[in-house]
Each structure stands twice: as structure tokens, then as C-alpha cells.
Amino acid sequence: MAAIDALMKAALALPILVVPAKASAAEVGEVGITLLGYKERGLMKVTEPVLWGRAEFLDAWEVRASAAVDIITGASPQLVTNAGGKPVQSISGASINDRRNTGDVRLTRRFGDFSLSASRALSKEKDYHSKSFGLEARWDLNQRNTTLVAGYGASNDRVLSSDDASLHQRRDTREYLFGVTQLLSPTALVQSTLSVSRGRGWYNDPYKLTFTFFADGPPILMADRRPDHRDSYAWLTRYRRHFPEAHGTLQVDYRYYRDDWGIRAHTLEVAWQHALDERWAVRPAFRYYTQDAADFYSPTVPRPQPAILASDQRLGSWGGVSPSLRIIAKLEGGVTVEGTVGYVHNARNLHLGGSSSEAFETLRAVYGIVGISRPF
Amino acid sequence: MKLAAWALAAAALCLAACTTVAPYQRGYLAREDMALDANPGFAKAIEKTFAAKEAASGGASVGGGGCGCN
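Quick notes on the rules
Residues numbered from 1 in each chain as written. Chains lettered and ligands numbered in written order. Predicted model: local features only at pLDDT ≥ 70, side-chain atom pairs only at ≥ 80, totals over all residues. Helix = DSSP H or I, 4+ residues; strand = E, 2+ residues; numbered from the N terminus. Buried ≥ 20, exposed ≤ 12 C-beta atoms within 10 Å, placed from the backbone. Pairing = 2+ DSSP bridges. Axes fitted to C-alpha atoms, helices over the stretch in contact; angles between N-to-C directions. Expected span 1.5 Å × (residues − 1). Contact = placed C-beta atoms within 7 Å. pLDDT = per-residue confidence, 0-100. Nonpolar A, V, L, I, M, F, W, Y, C, P; charged D, E, K, R; others polar. Core = buried A, V, L, I, M, F, W, Y, C linked by C-beta atoms within 7 Å.

Engineer: Even after reading the chapter, I still don't get the overall build of chain A, so can you show me in this structure?
Structural biologist: Across its full length, chain A holds one helix and 20 strands. Across its three principal axes, chain A shows a C-alpha extent of roughly 80 × 40 × 35 Å. The buried share among the 376 residues of chain A stands at 36%.

Engineer: Mind showing me how you'd approach the sheet that holds strand β12 (residues 209-214) of chain A here?
Structural biologist: Within a beta sheet, neighbouring strands are joined by backbone hydrogen bonds and run either parallel or antiparallel to one another. Residues and elements named next belong to chain A. Ordered in space as β5-β4-β12-β13, the four strands form an open sheet in which the pairing is mixed. Both edges of this open sheet fall to β5 (88-91) and β13 (217-223), since each of them pairs with a single strand only. Direction aside, the axes of adjacent strands within the sheet are offset by 25° on average.

Engineer: Could you clarify how one ought to interpret helix α2 (residues 40-51) of chain B in this entry?
Structural biologist: For α2 of chain B, with twelve residues, the first-to-last C-alpha span of 16 Å sits near the 16 Å given by 1.5 Å per residue. Listed in full, the buried residues belonging to α2 of chain B are Pro40, Gly41, Phe42, Lys44, Ala45, Ile46, Lys48 and Thr49 of chain B. Against the buried residues of α2 of chain B lie β1 (29-40), β2 (44-57), β3 (61-74), β19 (336-347) and β20 (363-375) of chain A.

Engineer: Honestly, the confidence of the model for chain B in this entry has me stumped. Any pointers?
Structural biologist: It should be kept in mind that the predicted coordinates are not to be read in detail where pLDDT is low. Confidence in the prediction of chain B, expressed as mean pLDDT, is 81, and 74% of residues score 70 or more. The ipTM, which scores confidence in the relative placement of chains, is 0.86 for this predicted complex, and the corresponding pTM is 0.89.

Engineer: Help me understand unusual backbone geometry in this model?
Structural biologist: Most of the time, phi is negative for any residue but glycine, and the peptide bond is trans. Residues and elements named next belong to chain A. Following Arg303, the chain continues to Pro304 via a peptide bond in cis, the omega torsion being 0°. Residue position: Pro304 is located in the loop between β17 (280-291) and β18 (318-330). Residue Asn142 is not a glycine yet carries a positive backbone phi of 55°. Here Asn142 is to be found in the loop between β8 (128-141) and β9 (146-159).

Engineer: Whenever I open this one, the interface of chain B and chain A confuses me. Can you help?
Structural biologist: Note: interface size is frequently given as the accessible area lost on complex formation between the parts. Listed by partner, the interface residues are 50 residues for chain B and 86 residues for chain A. Mapped onto the side of chain B that touches chain A, the elements with two or more residues apiece are α1 (2-17) and α2 of chain B. Partitioning the side of chain B that touches chain A into residue classes produces 27 nonpolar, 16 polar and seven charged.

Engineer: Where do I start with the pairing of β20 of chain A in this structure?
Structural biologist: One face of the sheet, then the other: side chains in a regular strand alternate in exactly this way. All names here are of chain A. Sheet topology note: the β1/β20 ladder contains eleven bridges and is antiparallel. Within β20, the position partnered with Glu30 by the bridge is Pro375. In this sheet, β20 lies alongside β19 in antiparallel orientation, the contact comprising eleven bridges. Bridging across to β20, Gly339 finds its partner in Val370.

Engineer: What exactly am I supposed to notice about the environment of Arg144 of chain A here?
Structural biologist: Residues and elements named next belong to chain A. Checked against the element boundaries, Arg144 lands in the loop between β8 and β9. For Arg144, a count of 19 C-beta atoms within 10 Å corresponds to the partly exposed category. It is 8.7 Å that separates the C-alpha atoms of Arg144 and Gln182, two residues lying 38 residues apart in sequence.

Engineer: Can you help me understand the nonpolar core in this one?
Structural biologist: Generally speaking, a soluble globular protein has its nonpolar side chains buried in company with each other. Formed by 19 residues in total, the largest nonpolar core has its most connected members in Ile263, Ala265, Ala294 and Leu315 of chain A together with Ala55 and Ala56 of chain B. Broken down by secondary-structure element, the contributors of at least two residues to this core are β14 (229-243) and β15 (248-259) of chain A. In terms of residue count, β14 of chain A provides more of this core than any other element does, three residues in total. Contact partners of Ala294 of chain A, with chain neighbours within four places excluded, come to Trp261, Gly262, Ile263, Ala310 and Leu315 of chain A together with Ala55 of chain B. By size, the runner-up hydrophobic cluster in this structure holds 16 residues, among which are Val46, Ala68, Ile72 and Ala365 of chain A.

Engineer: Teacher, can you tell me more about the pairing of strand β10 (residues 169-185) of chain A here?
Structural biologist: All names here are of chain A. As defined by bridge partners, β9 adjoins β10 across 14 bridges and the pair is classed as antiparallel. Bridged to Arg158 within β10 is Arg170. Alignment of β10 against strand β11 (residues 188-201), held across 14 bridges, turns out to be antiparallel. Counted as the bridge partner of Glu175 is Ser197 from β11. In sequence, β10 turns back onto β11 through a hairpin of two residues.

Engineer: Sorry if this is basic, but what is going on with the confidence of the model for chain A here?
Structural biologist: When the pLDDT values of chain A are averaged, the result is 91; 92% of them are 70 or greater. Taken together, the stretch residues 1-26 of chain A has pLDDT below 50 and engages in 48 contacts with residues farther than four places along the chain or on a different chain.

Engineer: Is there a simple way to explain the environment of Phe211 of chain A in this structure?
Structural biologist: Residues and elements named next belong to chain A. Summarising the element assignment, Phe211 is placed in strand β12. Residues Phe211 and Met222 lie eleven residues apart in sequence; the distance between their C-alpha atoms is 6.4 Å. Residues within four places of Phe211 in sequence aside, it is in contact with Leu79, Thr81, Ala83, Pro219 and Leu221.

Quick look at the structure:
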């Protein structure tokens, strides 16, 4: 009964957007470390440790922070060429060895039913620097059955190149966020957010080239050229419903994305977190993604040569599936240990509707994430 | 604008359709597996992994910054 009482107190004290309440009223924070390992077949390998934490203090304040290092090794597609007849990706000869250091901090102050947050994020790698900040306001309404959120963010980035020391270009982005979270019943809630992004600056990928041969003329080698702006919308809806009799929770996320490059994308993730007992839980999940190609995507250079063109297959038309399984263990002292294994399969025939990009080369990858966290 | 109209319509429908949940009824809603943003370390790691391979990204927050991965 004491645990239930404490759980109820935690639920009543917190706004609905910070629903992951811990059971013990004495807890004021949490710290954790997570390690990601990701490996593509024949291409890149990524290792990423993430250290994160959160703490509440002086009754009305909360701070969240994280720091991560990405270590990227392996090969990357650099050139798309039809030298063999059909356009294919050509892998760079030199092995990539990059490292990205990133960190962010977020400070929140509550004023009754209002809360204001300010955040700062920094990211640095040898060919890309990013500095950003965000402001977010939340308002709990209707006896905290409804929460409205509005946010503004700005990012000032610099694009560099390991191959071209003279490249030093800006990319500035402004973001706006509007959303609502609603309790639907004692066992269900939904959140829907719309984010709008306005980007200006350098979007060309300094490492991508398109080399096209013609039967009746000289070949053309063209560097990656993209528009100098990118405006996008992302509409994300998340639904959670707990089934007490089944000891499980349904988690559904759907995102619709579109931008002025002509890309339309749908992302759907469905997961079922099942409590095996008080200590163990499993979470099988399935993610599906599909996108239409950018207007300027082409694996070959047409004639006459256009001003903008990119053969990067990430801008093509394709789809992908990713099943995963997470195992969660609750140990003594509130310590949580989690492990996830997942598989990524991106292919042109997984594209939803319409025609997919013929030149898209199937990507297969596996990943694993392990993490441990504890309250304090 | 069409997208914004759909978002507002969905929000209005949601607000009209749901019932009020009293504070003492929120025990299940406080469960960790009901969280919209679960383990921050997992979320950061996996979101960035997918964002590096896909053209679409974002939706849940603002001010997160960019990376040279896409």
C-alpha cells in the first residue's frame, strides 16, 4: 500500500507531460548511461556512449542534461556513377574516422500550472559545428487533463569539409513547436505536436559526387548541389494505453513529415511493453518508414546539366522496416538495466505507393543499446 | 496550412471526445511505460541513428541542434 500511495502522490504532483514519475517521493533525480553500437553491412559502424541525468531542486526547478560522443568508422558512399551501365554507389577508398562531441542542458521553472524551459545544445565534429537554443512554455489546463505547449528554437551551424579547407558555410534554422497532450481515460493519453522549421544556408554535401557517362558525349562529374533553403513540417502524434489485465502498455507513434524539397515521409512505430513480473519487462517494437524523393534527386546527371542535383540515396524514394526487442530489469535500489537489439532494413520495394528510386541500394544494419540508470 | 488545419481538427476532436480524469485516477498514467519520452539515453541514440539515414526528422522538440550526419 505504501508503494501505491507514493505512486499516487507522484502522479498528483507532476504535470502530465512528465508522467514518467518514479515511485519514491524521496527521489529527486536520476542519472544514467547508455551505449549504442550500430553496424551497417559493408559500410559504417557507429559507437555512441550517452551520459544523461535530471534533477529537481528548490521545489519548482528541474534541470536535465546529457553528453554524448559519436565515434564513426568505416566506409561511406561518395560517388554515384553509371560507368557500369546502371547507376550504383561507389564506396570511398579511404576509411572514415570521425568523432562527434555533443551536449545539451535544459532548465525548467514551474509557476503553478505554467512552466518555462530554456535549453542549450552544442555539437562539434571536424566538419560540422552546431550551436542551438530553445525556449518552451507549457500550460496545464482542465485540472491537468490537458497540457498545451509552444516552443521556439534556433540553430546556428557551420558546414566544413575534411577535403576542402576553404569550405566554411553557414546553416541557420528557426523552429516553432505547438502541441497538446490530453488524458483520454485513466489508462490512455495522447499527444500531438506540430513543429515547423525554416532553414537557410548551405545544404550541399561536400563529400557527394555524381559521375555520369553518355553514349554520345563526354561524361559529366557534378558535385552535390541542393537548394539554399529548407522549410519543413513534422506532425508527431503519440498514443499510450495501458491494459491492466494484460499487464502491458501499447505505445504508438506516428509522424508525418513534408518539406519544400518535395519530400513526404511517414513514420509509424508500434510497441508493446509487457511486464513479466515486478522486475522484468519486455518491449517488442516495429518501426516502418517511407519517404518520397526530393524534387532534385537523380542518380544520373541529365542534359542539360541542372543547377541543383543530388544523387545521395537518402533523398530518394524508398521505405524501411526496423523490428526491435528491449528487455528491462528493475533491480534493488531503483536501478534499471535495459538492453535493446534491433535490425534495420531499408529497400526500394518497401516504399509506400508510387514509384521508388531504382538506384536505391538496400541497406541492412543491426544495432544494440544497453543502458543503466539509477535514481538519487 | 492544410496540415495545420488537420492538426487543429484532430486536437479539437480529441478534446471533445475525452472524459475528465480525476487526480486519484491517474495511477496507471504515472507508470514509466506510459511515458511519452522514455529513457533519454535510448531516445537520443536511436533518433540520431535513424535521422542520419532518413530525409525526415524532428517533431517532438525544438532547439536540439544539427549534425553533419545528413
